[in-house]
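A structural walkthrough
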Amino acid sequence: MMMVRATLVAALLCSTGAQAQATYTNVKSFAFTKTLPKAPVDGVNAFSAATSSIPAFGNANGGALSLGLNFEGTSDYDTRALGIGLIPPDTMGAVGTTQYVELLNGSFSVYSKATGALQAPRITDSSFWQSFGQAGTGGDPRVLFDSRSNRWLAIGFGASGANLNIGVSDTDNALGPWKTTVFQGFAPGIADFPTLSISGNSIVIGTNNFTSTMGGFSYSGTTVNVLKYSDVFAASGPVAGNVQRFVTPYDSMLGGTDSGYAIQGVNRNGGGDPVKLVAASAFFADAVTYQIDNAGKPGAMQTATQYLTDTGGDTYDANGPGRQPTTNGSARIVATSDDRISANAWEIKGKIYFVQTVTATGTDNTVVRITVVNKVDNQVLSQTDITDPSGNFDFYQGSLAVNSSGQVVVGYNRSGSFVTGIDGRISIFARSFNTNADGTLTETGDILIKQSLVDDYHNGSAQGANPVGRQRWGDYSTVTLDPTNKQAFWVLGEFAREFNNTAGGHPGGSGFGRWGTFVAQVFVAGVPEPSNWAMLIAGFGLVGAVQRRRRQIAVAAA
């Protein structure tokens, strides 16, 4: 049996000026398609994917979740006002001590964490890099807040796609000075889809590499770039000269090393070796893990890859486009992306957490799959799917964060076919879980954050017309933990704004679809600490003893 994996595409849709409102120009795209053999599976997996039991449509009170401050972030209208039109936004942001930073394709914005108000005029991402000494074309940004140093860390394309900028703020104020540097990501072409993690004493940046050819670009493998934490957060500014590179060429004959693609370093606070890595397999519908031993030291080495759910075979199907409730011919067009681990992965107390968008074998709906892995032996402890058993809805663009108590918040998009009484427009949700001692997850809440304003989002053509081109979405969302409150998680996702036409309040507009982003503070009810549990149990025992004593007295009196 042969299976065609989803096409990996890095596309930049770029246009400026009034003319660009009506047409998309300067389109650059590069892709490869993997044809995968369906390998025989030996034995049976030692676990099965659990299915989310809370209704997939949100609820009024959210269970253990409650919604705090929430506000609209940057939209396609905002970036076009800056002279840039980019699809998708690459939805990226993070929360700090007093601010929320949104760094997207095309813009840099800083909001007050108390009010949601912009603290300074929005600028282009290129202007952000240029203002701190780097040539910046913008695109594929990542940003994190480092609670150890109380400083911001960001990356993005440099003067070309071959180079990557690194920026570190001087303080916890993202509007203050930043110090920056640049390093060569992939000289022959483009260091695409860069990922970013703060992994103990290392900063890890993974890239998908595309080589420039006569016909455009061809996929040629991946690189894991490891930098010392002390070099990146140096007082004088980040230093990238000591970067350690681990390059894995892509072998289309499936005979090479499978180090995955869109490689994510696993975020963790403090600690030394090793640097843990997770990724979607480059060859199969599966996930892989491996590590860098002695990172930042002579003799640093990348270990062999370990498949998480198989010994080399497909464990889920390729993803199809997401459904929408419209009946005008564009009901199933939104790109749910492939199975790449596009958002942050986290390690908490020996457990590694990450999410993927996958399609369970034999089904036709995408789900957000949460995987929990034992850090020591790389064994999968649990997999939980956020899904809808009715088959009417698709779930995609998931991201998560985890606090020190093992509480997980997952942000994601959900959209679906027309169902009476249930709105299928693309919406942003959050769902929460508690981690059990064995690594399984128990759901605790589910809440709707933002619903799209239209039911038939598409780009490249006017409302009511047939969609034109690949309908990009995402390419990721983000959830980050508040550094000042471990019960507060900040969710950033994409939704569909009104069409750019007269009916949408834009006379003379192109009529095209427009994306928006939305930021929400989500609170999770706390769980008792172990010492508190002991006190509660003792208290329950005392209550029980009193009740038994009262019953004995009552019996004696009778």
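Preceding this section is the structure that the text describes.
Thresholds applied
Residues numbered from 1 in each chain as written. Predicted model: local features only at pLDDT ≥ 70, side-chain atom pairs only at ≥ 80, totals over all residues. Heavy atoms only, no water. Helix = DSSP H or I, 4+ residues; strand = E, 2+ residues; numbered from the N terminus. Buried < 20%, exposed > 50% of the residue type's maximum accessible area, 1.4 Å probe, protein only. Areas by Shrake-Rupley, 256 points an atom, 1.4 Å probe, with all protein chains shown as cover. 1 Å grid on protein atoms, 1.4 Å probe; cavity = no way out; pocket = protein on both sides within 12 Å on 5 of 7 lines; lining within 4 Å. Points joined across faces, edges and corners; volume = space filled by probe spheres on them. Lys, Arg positive; Asp, Glu negative; His and termini not counted. Salt bridge = Lys/Arg side-chain N within 4 Å of Asp/Glu carboxyl O. Polar contact = N/O pair within 3.5 Å; in protein donor to acceptor, adjacent residues only side chain to side chain. Core = buried A, V, L, I, M, F, W, Y, C linked by side-chain atoms within 4.5 Å. Contact = heavy atoms within 4.5 Å. Pairing = 2+ DSSP bridges. Axes fitted to C-alpha atoms, helices over the stretch in contact; angles between N-to-C directions. Phe/Tyr/Trp six-rings, centres within 6.5 Å; stacked < 30°, edge-to-face > 60°. Lys NZ or Arg CZ within 6 Å of the ring centre and 35° of its normal.

1. Here's the deal with the overall build of the chain
Secondary structure summary: the chain contains four helices and 36 strands in total. Each of the 558 residues in the chain was classed as buried or not, and the buried ones make up 58%. On the chain, roughly 20600 Å² of surface is accessible, and the fraction owed to carbon and sulfur atoms is 56%.

2. Considering empty space enclosed by the protein
Under the definition given, this model contains five cavities of 30 Å³ or more. For the largest cavity, the calculated volume is near 70 Å³. Surrounding the largest cavity, 13 residues form its lining, Thr 248, Pro 249, Thr 257, Gly 260 and Ala 282 being those nearest its centre. Taken together, the elements giving at least two residues each to the lining of the largest cavity come down to strand S17 (216-228) and strand S18 (244-249). At three residues, the largest contribution of residues to the lining of the largest cavity is made by S17.

3. Considering the side chain of Asp 388
Position of Asp 388 among the secondary structure elements: in the loop between strand S29 (380-386) and strand S30 (393-402). For the buried residue Asp 388, which engages in no salt bridge, the nearest side chain bearing the opposite charge is Arg 414, 7.4 Å off. Here the side chain of Asp 388 touches Ser 390 through a polar contact of 2.4 Å, side chain to side chain.

4. Considering the nonpolar core
Leu 153 and Ile 203 are the most contacted members of the largest nonpolar core, which has 42 residues in total. With near-sequence residues (within four places) excluded, Leu 153 lies in contact with Arg 142, Val 143, Leu 144, Ile 166, Gly 167, Val 168, Trp 178, Leu 196, Ile 198, Ile 203, Val 232 and Phe 233. Counting residues in hydrophobic clusters, the runner-up holds 34 residues, among them Leu 65, Val 368, Leu 441 and Val 479.

5. Observations regarding the sheet that holds strand S15 (residues 189-199)
An order of S15-S16-S17-S18 is seen for the four strands of this open sheet, with the pairing classed as antiparallel. Here the strands that pair on one side only, and so sit at the sheet edges, are S15 and S18. Between one strand axis and the next, the sheet turns by 20° as a mean value, whatever way the strands run.

6. Side note on unusual backbone geometry
Omega for the bond connecting Ile 87 with Pro 88 falls within 30 degrees of zero, at 0°, which places this linkage in the cis form. Tracing the sequence through the fold places Pro 88 in the loop between strand S7 (85-87) and strand S8 (93-95). For the bond running from Gly 474 to Asp 475, omega is -5°, close enough to zero to count as cis. Positionally, Asp 475 belongs in the loop between strand S33 (441-451) and strand S34 (478-481).

7. A short note on the pattern of salt bridges
Evaluation of the coordinates by the stated rule reveals 16 salt bridges. In this structure, Asp 76 and Arg 80 form a salt bridge, with 2.9 Å as the shortest nitrogen-oxygen distance. Of this pair, Asp 76 and Arg 80 both sit in helix H1 (residues 76-81), four residues apart, which is roughly one turn of that helix. Arg 80 sits in the buried class, given a relative accessible area of 12%. Residues Arg 431 and Asp 446 are paired through a salt bridge, measuring 3.3 Å at the closest nitrogen-oxygen approach. One end of the pair, Arg 431, is in strand S32 (residues 427-435); the other, Asp 446, is in strand S33, with 15 residues separating them in the sequence.

8. Points about the environment of Pro 188
With respect to the helices and strands, the residue Pro 188 is situated in the loop between strand S14 (178-184) and S15. Among residues more than four places away in sequence, those in contact with Pro 188 are Phe 210, Thr 211 and Ser 212.

9. Some words on the pairing of strand S9 (residues 99-104)
Counting buried residues in S9 gives six out of six residues, a clear majority hidden from the surface. Residues of S9 alternate between two faces, with Gln 99, Val 101 and Leu 103 on one and Tyr 100, Glu 102 and Leu 104 on the opposite face, all of them buried. Both S8 and S9 contribute to a ladder of three bridges, which runs antiparallel. Within S9, the residue paired with Gly 93 across the bridge is Glu 102. By the bridge criterion, six bridges tie S9 to strand S10 (residues 107-112) in an arrangement that is antiparallel. Each residue of the ladder has a partner; that of Val 101, found in S10, is Val 110. In this structure, the hairpin formed by S9 and S10 is closed by a connection of two residues, where Gly 106 is found at a positive phi of approximately 110°.

10. Digging into the packing of aromatic side chains
One pass over the full model with this rule turns up 18 aromatic pairs. Between Phe 108 and Trp 178, the aromatic rings sit 6.4 Å apart at their centres with planes inclined by 85°, giving edge-to-face as the arrangement. With Phe 108 in strand S10 and Trp 178 in strand S14, this residue pair connects regions lying 70 residues apart in the sequence. Of the two residues, Phe 108 and Trp 178, neither departs from the other in class, the shared state being buried. Here Phe 395 and Tyr 412 contribute two aromatic rings whose centre-to-centre distance is 5.9 Å and whose plane-to-plane angle is 45°, an arrangement assigned as tilted. Of the two residues, Phe 395 sits in strand S30 while Tyr 412 sits in strand S31 (residues 407-416), which places them 17 residues apart along the sequence. Across the ring face of Phe 495, the terminal group of Lys 450 is positioned such that the distance to the ring centre comes to 5.1 Å.

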